[in-house]
Amino acid sequence: MAEHSSSHSHSGGIDDHRATYEGFLKGSVVLTIICIFVLVALVSFSFGHSWSVFLGFAGLIAGVLGVLIDVKTGGKRWTVSLVLLVLFGLITAINVA
């Protein structure tokens, strides 16, 4: 049977849970942003007129690098990733139109 004693500190367990939860949220944001980059690249591959393959791969590489930069800097605002995503989306929209 499990022994229950009041001598153990419960604050360490909560801190571990909080760190795990924050890591889960950060990983979810990273995965979501990378998935959106992949979707924009697929649009570029399918419907782009000129340089579509180069544009798609360049956007994917820039997007992954932007996400890595945001993760290394703390990942609170995700500004580099989101700015690159908007630029990649606009360039792809211009190339598709």
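Along each chain, numbering runs from 1 in the same order as the chain's sequence is written. Local features in a predicted model are, by the rule used here, given only for residues with pLDDT of at least 70; side-chain atom pairs are given and counted only at 80 or more, and totals for whole chains, interfaces and linings are based on all residues. Each side-chain value is derived from all of the structure's non-hydrogen atoms; neither hydrogens nor water enter the calculation.

Another aspect to go through is a nonpolar patch on the surface. Patch criteria: residues need more than 30% relative accessible area and no salt bridge. Like-charged residues are merged within 9 Å; nonpolar side chains of Val, Leu, Ile, Met, Phe, Trp and Tyr are merged within 5 Å. The method behind every accessible area is Shrake-Rupley, applied with a 1.4 Å probe, and residues are considered shielded solely by the protein chains displayed. Here, a salt bridge means any side-chain nitrogen of Lys or Arg that lies within 4 Å of a carboxyl oxygen of Asp or Glu. On the surface, a nonpolar cluster with roughly 560 Å² of combined accessible area is contributed by Val 53, Phe 57, Ile 61, Val 64, Leu 65 and Leu 68. Only protein chains enter the accessibility calculation, which uses a 1.4 Å probe. A residue is then buried if its area is under 20% of the maximum for its type, exposed if over 50%, and partly exposed in between. Taking the relative accessible area as the measure of exposure, Phe 57 reaches 47% and is therefore partly exposed.

Before going further, it helps to spend a moment on the packing of helix α2 (residues 52–72) against helix α3 (residues 79–96). Closest axis-to-axis distance for the α2/α3 pair is 8 Å, and the angle between their directions is 170°. Taken together, the axes of α2 and α3 lie roughly antiparallel to each other. Taking contact as the criterion, the partners of Ser 52, Leu 55, Gly 56, Gly 59, Leu 60, Ala 62, Gly 66, Val 67, Ile 69 and Asp 70 in α2 are, on α3, Thr 79, Val 80, Ser 81, Leu 84, Phe 88, Ile 91, Thr 92 and Asn 95. When residues are grouped by polarity, Ala, Val, Leu, Ile, Met, Phe, Trp, Tyr, Cys and Pro land in nonpolar, Asp, Glu, Lys and Arg in charged, and all others, Gly among them, in polar. Looking at side-chain class alone, the contact of α2 with α3 contains 9 nonpolar, 8 polar and 1 charged residues. Angles run from 0 to 180 degrees between N-to-C directions of axes, and those axes are lines fitted to C-alpha atoms, restricted for helices to the stretch in contact. Per the convention used, a helix needs a DSSP run of H or I reaching at least four residues, while a strand needs a run of E reaching at least two, with both numbered from the N terminus. Any angle from 65 to 115 degrees is called roughly perpendicular, while one under 35 is roughly parallel, one over 145 is roughly antiparallel, and all others are oblique. For this analysis, residues touch if any pair of their heavy atoms sits within 4.5 Å.

Keep in mind these values describe shape, not function.
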